[in-house]
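Here's the letter readout for the chains.
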Amino acid sequence: MRDRPTLTLSVLLAVTLVATVAPPASASPTSSGERFQPSVTYDLSVTDAERDAIHAEVEALAGRVSSARAGDGTYNPLSLVGAMLDGSSYDSISRGGTAATEYPFPVSNTEANQNEYDRKVAKLAWVVKLATDLGFPVVVQRQADKYVYAEIGDPDAPEMVMALSHLDSPTSSVSPAQLARWRDADGNLGTPGAYHSPYVQDGWVYGAGIQDDSGPTLATLLAAKALLKAGLPLDRRIRIVMGIYEDGGPGTPTAANTANFQSIPYNSNPSFYDNWAYKNLNREETPIAAYTSDSRFPVIVGNSGSVTPAVSMSLSADSAKAFRLTDATAGVTLREGDPTLKDIAYGSTTQIASRAIFTLDVAGAGSAERDRFVSAIVAAATTKGWLPAASGTTPKVQTTISGDSLTLEINTNVAMEMPTPQYGKNAVVWGMFLLSKGLGSLGDTAADMQLKKAADGIADLFFRDGVEGEAYIGKYMGIPANLLRNASNGTPNLTFALMGNINSETPTRFYTDASGSLSMPMYVRSMHLNAADSGQATAAVTDAFQSKGFTIGSLGSPIGAGLYVTHDNPLTALQFGSYQASIDHSPQEFADPYSLRDVVYPQGTTGGTLASNFRNKMTAFGAVIPGNERWWHTANERMKVDSAVQMTKIMADGMLEMARYSGPAGAKFMWADMPGLNADRADLDLLDVTIGTYKDASPAVGANQLGNQALLGATSFNIPMWNGRGNTAPTQAAFALGHEPGGVYLPLNDAEYLNNSYVAPMRLEFKVERPDHMSDAAWAKFVAGGYGGFQFNILVGGAVVPLAVPAGQSADKYFSSRISATNPNAIYLSVNLAITDAPYAGVKPVLADSKTDLYKLNPTYLASNPDPFPARGAVEQRGFFVFGDGQKNAEFSSPDAVYVTVANAAVDAKPSAVVKKLKGNTNELTITVKQTRIDGSESAVTGTFTINNNAAGTYTVGDYKVYVDTKGNTQVRSISIV
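Keep in mind the model is a prediction, meaning the values are calculated, not measured.

Engineer: Help me out: how do you make sense of the overall build of the protein in this one?
Structural biologist: When helices and strands are counted, the protein shows 20 helices and 51 strands. Along the three orthogonal principal directions, the C-alpha set of the protein runs to about 120 × 85 × 60 Å. Within the span of the protein, comprising 978 residues, buried residues form 59% of the whole. Once local pairs closer than 6 in sequence are excluded, the contacts in the protein between residues at least 24 apart make up 76%. In the form shown here, the protein has an accessible surface area of approximately 34,700 Å², with 50% of it arising from carbon and sulfur atoms.

Encoded structure:
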């Protein structure tokens, strides 16, 4: 709240979304063990009532069925489940091949790629029909074999948010070995075409691409459909882009081949084909913020570094002792009635041990010791809730004795992938915990055993107090608290997946009697910012294991491989906050992810995603919900129907949150032909603009600047130019270098930079919301400009500079407004600015040829070919207020403030009257009219009248005519403004 009496309309309404940075101290865990709180937070806008409406629409679109087969007519094809079934029935496996080198760059059709072009064209044609049948107002496809997008929202909204994902699946899930594992709906193995014959059974949807990423991509489409039906207010457009070549698509044409068709300044190729087709081939609009549904919730911020040391300990000293270990293996958990569960091990990332089998020699132990050992294990397992086993389920803990051999088998019932060990349920750790309890029950008999030392050590490092979770980010390894998580967003700096190399249904041995040594690979993933922090943390880890008697391989100093978005980007805070709000809204409905809420934060991932080509504007958001199984790149790919519905609700919530302004303004960047100025870098793909770029600058506009005007909105911003198009995922070190050599921003010694004056033409838009005190009639008058019109100004060094249209020119060239169909209680007011990267020398109004769609064909191509999209790249004359931002520094900065005002007229008036008895028949009538002005301030005008006999009648008070009705001579019966 501002500390001066004049309030802006936006402050009065108090529903702006603001990315805030909390005090750094709150970013560290407290000594009392309170939950870690990231320092960058986001004030969410979606209300409980809106979330109810969204979730209800998703449920209405879910199309849940207990069993179905693709094409059997038993489900609604326009539902979530129906779309997932129909979508997966297309064989859209990306088998490779090449793309042509000339427009329209068709993908090859060969026997080797099983007619890739035809298969992809067929699925995309289905997607176009699906989106059209669902009622999307905008459905676009440029080429038959490439992406499709659907869009909702006000077409005049200057900013767009996006979900970009892919509809294909990789060849890894259909290799000869994998094809032999696929089961059809009847359970038969190896049925031809089983992978694209999807079905629903026992609450799961099966089929290639169901989880990666055809199913999640279609879920984003249905999430947007739910928002379309809900009709909730949004400020930005929402675009759903559905590509089809992420998993092993054709080779990307060279930048030179692309440039032969499309003119793109500073051209460089994205690494993903779908991104190339979207960004380069067709030069589509860059989003202000985006996500891809192709990884994990809550948010993936970049790619992790990694190292895989072995954790070892010799047990040879136990060779003559009872309860010595003779064999230990680890694999994928068993599940009663689920014969395909083993296939999860063949995915593209290894599994954490969710099954472990320890075999001990108990030849030297009597029956009492054996019973005591087993009883201690059963008691510990029962206390943890692992026993007894529910009827019809695989027991989580089993002990059997056969002769002199005792076997302890653990099945956690949750197959867990290696990149997310913090979600718990590591069978080797569980087993070590139970062995520690069992051996501990034997007293001196096992006190000096190496196996007990190993079991105690693993239990203390990963299962202290019987809790996993944050143990797998190193909580008990002596790592300084400030190095456990990134202070800005909570990303774990290190994750530890002990025995995380399960990639076969045959259990892997990590101890044999012959070797006499435990040897467990530990997959360590790093998102550290720099080698110094990483080295300090990994040194502590090494010391922790060595202090427990283990030998550990070199950890080095791994750091994050690359960031999709900076750690302090408010987009991450928005998506993380939205995810939490979704599951908090209905803990029962989201029981599994809710149970992990305290250990779930943004994180890094292995491999890459489509987000890596949209620098600082896109994350991965979904598809795997924490605690769910990860079925990627393997036979019998599947997803729970409940998870698909949950995912769609989370996505819809997040989309709506992204589609609302996080401050007072937004902007559309464009190109304009201005003599002496270069607008080529005014492309959102070349500018570091995020959802938090436009700050509230209303405190900078004081009463002296306002006079008798009401402040409707004020903003300030700073926008650096990237060193190239956003087609890479830079390291934190590159971000830290900024404009320095090797940094992410345009170097200040760049020859072109030195020889050009860059300009950023933009349509800057302010959102002005209706205050509570404004009546329908007053709001209608306000929107129509009936209170004196709106005035745009800039504030430079304390001086107010009005943005005035030159005489004889049309204001419509410079200014515009819109009212969204989803929010009649807001008006959006825009002004065209052209900010130059140069010293400030006043404001100059300029008319220029301009365009918002940056599509432009190479003139050489156009000389001998027709324009395939003649409606694109249209040029229109616009008016701009041109001014320098203060200094040439490869950044576009606002002045102290850009703001909009209106005459501070009264919008509401309430009269009151008092009659005072004087002498004789004379009375004094006092009428007061209390006025409420546009900015919420109040004032009053008063008139005093001497009345003889009846006081009823009409009186003039200031600018008002007031009618007073009285009873007798002294009692006011009613009063109203005429």
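Engineer: Got a minute to help me understand the sheet that holds strand 39 (residues 799-802) in this structure?
Structural biologist: Strands belonging to one sheet form pairs held by backbone hydrogen bonds; the direction of such a pair is parallel or antiparallel. In spatial order, the strands read 34-35-45-38-39; together these five strands make up an open sheet with antiparallel pairing. Looking along the sheet, the strands with just one partner apiece sit at the ends: strand 34 (695-696) and strand 39. In the sheet, strand 34 pairs with strand 35 (residues 709-716) via two bridges, with the strands oriented antiparallel. Bridging from a neighbouring strand, lysine 695 pairs with serine 716 of strand 35.

Engineer: Explain the side chain of lysine 668 here, please?
Structural biologist: Its location among the elements puts lysine 668 in strand 32 (residues 665-669). Owing to a relative accessible area of 14%, lysine 668 belongs among the buried residues under this scheme. There is a polar contact of 3.0 Å between the side chain of lysine 668 and the side chain of glutamate 285. Beyond its immediate chain neighbours, meaning those up to four positions away, lysine 668 contacts Pro158, Arg237, Glu285, Pro761, Met762, Arg763 and Thr852.

Engineer: Would you mind going over the packing of aromatic side chains with me for this structure?
Structural biologist: The relation between two aromatic rings is expressed through the spacing of the ring centres and the mutual angle of the planes. Applying the stated criterion across every chain yields a total of 36 aromatic pairs. With a centroid separation of 6.0 Å and 20° between ring planes, the pair formed by phenylalanine 297 and tyrosine 579 is classed as stacked. In this pair, phenylalanine 297 is assigned in the loop between strand 13 (295-296) and strand 14 (300-303) and tyrosine 579 in helix 13 (residues 570-585), connecting sequence segments 282 residues apart. As far as the burial class goes, phenylalanine 297 and tyrosine 579 line up, both buried.

Engineer: How should I be thinking about the sheet that holds strand 9 (residues 199-201) in this particular structure?
Structural biologist: Spatially, four strands are ordered 3-9-10-31 in an open sheet, and the strand pairing comes out antiparallel. Each edge of the open sheet is held by one strand with a lone partner, namely strand 3 (68-69) and strand 31 (638-640). Sheet topology places strand 3 next to strand 9; two bridges connect them, and they run antiparallel. Directly across from arginine 69, in strand 9, lies its bridge partner tyrosine 199. Here helix 15 (residues 641-658) sits on the sheet in contact with strand 9, strand 10 (204-206) and strand 31, set at roughly 75° to strand 31.

Engineer: Where do I start with the side chain of glutamate 765 in this structure?
Structural biologist: Tracing the backbone shows glutamate 765 in strand 37 (residues 759-769). You can call glutamate 765 buried: its relative accessible area is 0%. Those residues in contact with glutamate 765 that sit more than four places away from it in its chain are Pro158, Tyr661, Pro664, Ala665, Gly666, Arg818, Tyr828, Leu829 and Ser830.

Engineer: What should I look at first to understand the packing of helix 6 (residues 214-230) against helix 15 in this one?
Structural biologist: Geometrically, a packed helix pair is captured by the angle between its two axes and the distance between the axes. For the pair helix 6 and helix 15, the least separation of the axes is 8 Å and the interaxial angle reads 55°. With respect to helix 15, the element helix 6 is oriented oblique. Once helix 6 is placed against helix 15, the crossing between them reads as right-handed. Contact residues: helix 6 offers Pro216, Ala219, Thr220, Leu222, Ala223, Ala224 and Leu227, while helix 15 offers Met647, Thr648, Met651, Ala652, Met655 and Leu656. The residue makeup of the contact of helix 6 with helix 15, split by class, is 11 nonpolar, two polar and no charged.

Engineer: Can you walk me through the pairing of strand 6 (residues 148-152) in this structure?
Structural biologist: Within a regular strand, the side chains alternate between the two sheet faces. Along strand 6, five of the five residues are buried, which leaves the element largely enclosed by surrounding structure. The side-chain alternation of strand 6 yields two buried faces, one formed by Val148, Ala150 and Ile152 and the other by Tyr149 and Glu151. With four bridges connecting them, strand 5 (residues 138-141) and strand 6 associate as antiparallel partners. Pairing of valine 138 across the sheet is with glutamate 151, part of strand 6. Two successive antiparallel strands, strand 5 and strand 6, enclose a turn made up of six residues. By the bridge criterion, five bridges tie strand 6 to strand 11 (residues 237-243) in an arrangement that is antiparallel. Across the sheet, the residue bridging to alanine 150 is isoleucine 240, located in strand 11.

Engineer: Please explain the confidence of the model for the protein as it appears in this structure.
Structural biologist: The predicted coordinates ought not to be read in detail in places where the model reports low pLDDT. Predicted confidence across the protein gives a mean pLDDT of 94, with 96% of residues reaching 70 or more. Taken together, the stretch residues 1-32 has pLDDT below 50 and engages in 73 contacts with residues farther than four places along the chain or on a different chain.

Engineer: How should I be thinking about the pattern of salt bridges in this particular structure?
Structural biologist: Pairs can form between side chains of opposite charge whenever their charged atoms are close. Applying the stated criterion to the full structure yields 57 salt bridges. Measuring nitrogen to oxygen at the nearest pair gives 2.7 Å for the salt bridge that ties glutamate 116 to arginine 119. Of this pair, glutamate 116 and arginine 119 both sit in helix 4 (residues 116-133), separated by three residues, roughly a single helical turn. Accessibility classification places glutamate 116 together with arginine 119 in one group, the buried group. Ionic pairing is found between arginine 464 and aspartate 460, a salt bridge with its closest N-O pair at 3.0 Å. The exposure class of arginine 464 is partly exposed, given its relative accessible area of 29%. Here aspartate 460 falls in the partly exposed class, since its relative accessible area comes to 21%.

What counts, and at which threshold
- Residues numbered from 1 in each chain as written.
- Predicted model: local features only at pLDDT ≥ 70, side-chain atom pairs only at ≥ 80, totals over all residues.
- Heavy atoms only, no water.
- Helix = DSSP H or I, 4+ residues; strand = E, 2+ residues; numbered from the N terminus.
- Buried < 20%, exposed > 50% of the residue type's maximum accessible area, 1.4 Å probe, protein only.
- Contact = heavy atoms within 4.5 Å.
- Areas by Shrake-Rupley, 256 points an atom, 1.4 Å probe, with all protein chains shown as cover.
- Pairing = 2+ DSSP bridges.
- Polar contact = N/O pair within 3.5 Å; in protein donor to acceptor, adjacent residues only side chain to side chain.
- Phe/Tyr/Trp six-rings, centres within 6.5 Å; stacked < 30°, edge-to-face > 60°.
- Axes fitted to C-alpha atoms, helices over the stretch in contact; angles between N-to-C directions.
- Parallel < 35°, antiparallel > 145°, perpendicular 65-115°, else oblique.
- Left-handed = near helix turned anticlockwise from the far one by under 90°.
- Nonpolar A, V, L, I, M, F, W, Y, C, P; charged D, E, K, R; others polar.
- pLDDT = per-residue confidence, 0-100.
- Salt bridge = Lys/Arg side-chain N within 4 Å of Asp/Glu carboxyl O.

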